[in-house]
Amino acid sequence: MSKDYTTLWKEIGLNLGKHDGLLSVLSDAYKNIYLSQKNRPEGMKYFDFVISEVHGLRIEELYEAKKEKRKVIGTFCVYVPEELVLAVDGVFVGLCAGAEVGFEEAEKYVPRNTCALIKAFMGFKLSGLCPYVELTDLIVGETTCDGKKKAYEIFDEITRKMYVMEIPNMKNDSDRKLWLEEVRKFKDKIEEISGKEITLNLLKKATEIVNQKRLALQRLSKLRAYDPSPISGLDALLVNQIAFYDDPVRFTMKVNELCDELEERVRKGNGIAPKGTPRILISGSPFAIPNWKLHAIVENSGAVVVGEESCVGSRNFRELTEENFNSLEEGLEKIAMRYMGIDCACFTPNKERIDNVKSLFKELKADGVIHCALQFCTPYMMEAFKIEKKIDFPYMRIETDYSMEDFGQLKTRVEAFIETLR
């Protein structure tokens, strides 16, 4: 880190002893997984810096934003409309949920057979290890699964900061009307806590900022389609994870700078692995920081990850919000329409997700798909079977969590799968 943030961490209420231990473990993991890679793009140095300061400089920025009376809005899901937060000059951040942290404390509130993501966000808070939670003015949840719905009730008792948006489970006309009303209510909530009115011009500007970020991520995704791939799956995953934490304008600029470099690599035929290396598309549950396990296994087993059909991946940036609206109400309708296009496994039926897996597989010139579901994540675990019956390319299902206990078993299975692709 660029300086000592101990005073800041103490002021916002972190458990300093445990926090130091967490940062030490993450630093070692990052060095072993990321900094050991060969032939990395120079543009990744910025994202390495972001990770080194993810609990430092970025937290200081949020702290200063709060001093300026700007509101910090924390989320766990791509369904929360970022455009509305930026329209009141708020700060939109993802919350800690990607490591096996504080599970013993979390299991005092939720069953052991709860998915790792839920136990993680509760564990981070209960252990005093997530500075983002401590700095939020509002935490926005969503009803994408029964586990989250009930966990948010408990989390509100702990934090007194929860606001939950109802996500319909179908996409009929009545469901779309329900979701539009949820977007309107969220707009009212954001105006209430910020004390600022969302105007047409502010919403247009915010929509453009978010769309530019999505376009940069789309550009990165398209560059991964080249063989040899100009960037590792691990590095591309990191960029997609940081999209939820970094300042959006700065992030967009840095992603585009990285893509400029990658385009030059493509022109020269310079890849991170030899041409013809097996290419894997990973599909399924989200990969919150620092969940890098599966990508590390795949790429240390002789393949390259070329895409993520995931919330931390294509599901986050695939669609833009239409900017051609001429009234505030029309803008809210465009936002609702865009977010309703997300193909979360919570929906029934969900044929569009199968179509999107097929499309992404073709676009990225993948050789095989690994469907990864977090243990006890019922929607994605069940959809894994459905997708397998609808596709005609190499496919493997796995269920895992954030622990390293199954690392060896997963590596054996992944190596065998990759061997069949050769």
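Residues numbered from 1 in each chain as written. Predicted model: local features only at pLDDT ≥ 70, side-chain atom pairs only at ≥ 80, totals over all residues. Heavy atoms only, no water.

1. Notes on the nonpolar core
Among the nonpolar cores identified, the biggest contains 131 residues, and Phe47, Tyr79, Phe121 and Tyr132 are the most heavily contacted of them. Not counting chain neighbours up to four residues away, the residues in contact with phenylalanine 47 comprise Tyr30, Leu238, Val239, Ile242, Phe251, Lys254, Val255 and Leu258. Grouped together as the second largest cluster of nonpolar side chains are 16 residues, Ala366, Ile391, Phe393 and Tyr395 included. (Core = buried A, V, L, I, M, F, W, Y, C linked by side-chain atoms within 4.5 Å. Buried < 20%, exposed > 50% of the residue type's maximum accessible area, 1.4 Å probe, protein only. Contact = heavy atoms within 4.5 Å.)

2. Here we look at the environment of leucine 294
Checked against the element boundaries, leucine 294 lands in helix 14 (residues 293–299). Along the primary structure leucine 294 and valine 140 are separated by 154 residues, whereas in three dimensions their C-alpha atoms are 28 Å apart. If we ignore the near neighbours within four places in the chain, the residues touching leucine 294 are Ile282, Phe287, Ile370, Cys372, Ile398 and Val414. (Helix = DSSP H or I, 4+ residues; strand = E, 2+ residues; numbered from the N terminus.)

3. A look at the pattern of salt bridges
Applying the stated rule across the entire model yields 42 salt bridges. Between lysine 67 and glutamate 64 there is a salt bridge whose closest N-O contact spans 3.7 Å. In this pair, lysine 67 and glutamate 64 are both assigned in helix 4 (residues 57–67), 3 residues apart and thus about one turn of the helix distant. Here glutamate 388 and arginine 397 are joined by a salt bridge, their closest N and O atoms 2.9 Å apart. With relative accessibility at 30%, the residue arginine 397 sits in the partly exposed group. Overlapping salt bridges, with partners in common, bring together Glu309, Arg315, Arg318, Asp343, Arg353 and Glu383 in one network. (Salt bridge = Lys/Arg side-chain N within 4 Å of Asp/Glu carboxyl O.)

4. Observations regarding the packing of aromatic side chains
Going through the model one piece at a time under the given rule, you end up with 16 aromatic pairs. Seen in terms of ring centroids, tyrosine 5 and tryptophan 9 are 6.2 Å apart; in terms of plane orientation they differ by 40°. Their pairing is tilted. Residue tyrosine 5 is classed as buried on the basis of its relative accessible area of 2%. What makes tryptophan 9 buried here is its relative accessible area of 4%. Each ring, one from phenylalanine 121 and one from phenylalanine 155, has its centre 5.1 Å from the other, and the planes form 75°; the classification is edge-to-face. Of the two residues, phenylalanine 121 sits in helix 7 (residues 116–126) while phenylalanine 155 sits in helix 9 (residues 146–159), which places them 34 residues apart along the sequence. The same class applies to phenylalanine 121 as to phenylalanine 155, namely buried. Aromatic ring contacts, followed pair by pair, group Phe76, Phe121, Tyr152 and Phe155 into a single cluster. (Phe/Tyr/Trp six-rings, centres within 6.5 Å; stacked < 30°, edge-to-face > 60°.)

5. Quick notes on the sheet that holds strand 2 (residues 91–94)
Read from one edge to the other, the open sheet built from 4 strands follows the order 2-1-3-4, with strand pairing classed as parallel. The outermost strands of the open sheet, each flanked by one partner alone, are strand 2 and strand 4 (162–165). Geometrically, the sheet is characterised by an average inter-axis angle of 30° between neighbouring strands, direction not taken into account. Where strand 1 (residues 72–75) and strand 2 come together, 4 bridges link them in parallel fashion. Each residue of the ladder has a partner; that of valine 72, found in strand 2, is valine 91. (Pairing = 2+ DSSP bridges. Axes fitted to C-alpha atoms, helices over the stretch in contact; angles between N-to-C directions.)

6. Thoughts on the packing of helix 11 (residues 200–223) against helix 13 (residues 248–268)
With their axes 9 Å apart at the nearest point, helix 11 and helix 13 run at an angle of 20° to one another. The pairing of helix 11 with helix 13 is recorded here as roughly parallel in orientation. You can see that helix 11 and helix 13 cross each other, and the crossing is left-handed. Here helix 11 contributes Ile209, Gln212, Lys213, Ala216, Leu217, Arg219, Leu220 and Leu223 to the contact with helix 13, which in turn contributes Pro248, Val249, Phe251, Thr252, Val255, Asn256, Leu258, Cys259, Asp260, Leu262, Glu263 and Val266. For the contact of helix 11 with helix 13, the residue count by class is 13 nonpolar, 3 polar and 4 charged. (Parallel < 35°, antiparallel > 145°, perpendicular 65-115°, else oblique. Left-handed = near helix turned anticlockwise from the far one by under 90°. Nonpolar A, V, L, I, M, F, W, Y, C, P; charged D, E, K, R; others polar.)

7. Some words on unusual backbone geometry
Between aspartate 227 and the following residue, proline 228, the backbone shows a cis peptide bond with an omega angle of 10°. Along the chain, proline 228 falls in the loop between helix 11 and helix 12 (233–242). Cis geometry marks the peptide bond from isoleucine 289 to proline 290; its omega dihedral reads 0°. For proline 290, the position within the fold is in the loop between strand 5 (279–284) and helix 14. A positive phi angle is found at arginine 160, which is not glycine, with a value near 60°. Within the secondary structure layout, arginine 160 lies in the loop between helix 9 and strand 4. A relative accessible area of 64% means that arginine 160 is categorised as exposed. If you check the backbone angles, phenylalanine 376 has positive phi at about 75° while not being a glycine. Along the polypeptide, phenylalanine 376 turns up in the loop between strand 7 (368–374) and helix 18 (378–390). Among the residues examined, phenylalanine 376 registers a relative accessible area of 43% and is labelled partly exposed.

8. Remarks on the environment of aspartate 28
Along the chain, the position of aspartate 28 falls in helix 2 (residues 16–35). On the basis of relative accessible area, aspartate 28 is assigned to the partly exposed category, the value being 42%. The spacing of aspartate 28 and glutamate 53 is 25 residues in sequence and 15 Å in space, taken between C-alpha atoms.

9. Thoughts on the environment of arginine 70
Relative to the helices and strands, arginine 70 resides in the loop between helix 4 and strand 1. By relative accessible area, arginine 70 is classed as partly exposed at 23%. For the pair formed by arginine 70 and glycine 195, sequence separation is 125 residues and the distance between their alpha carbons is 9.9 Å.

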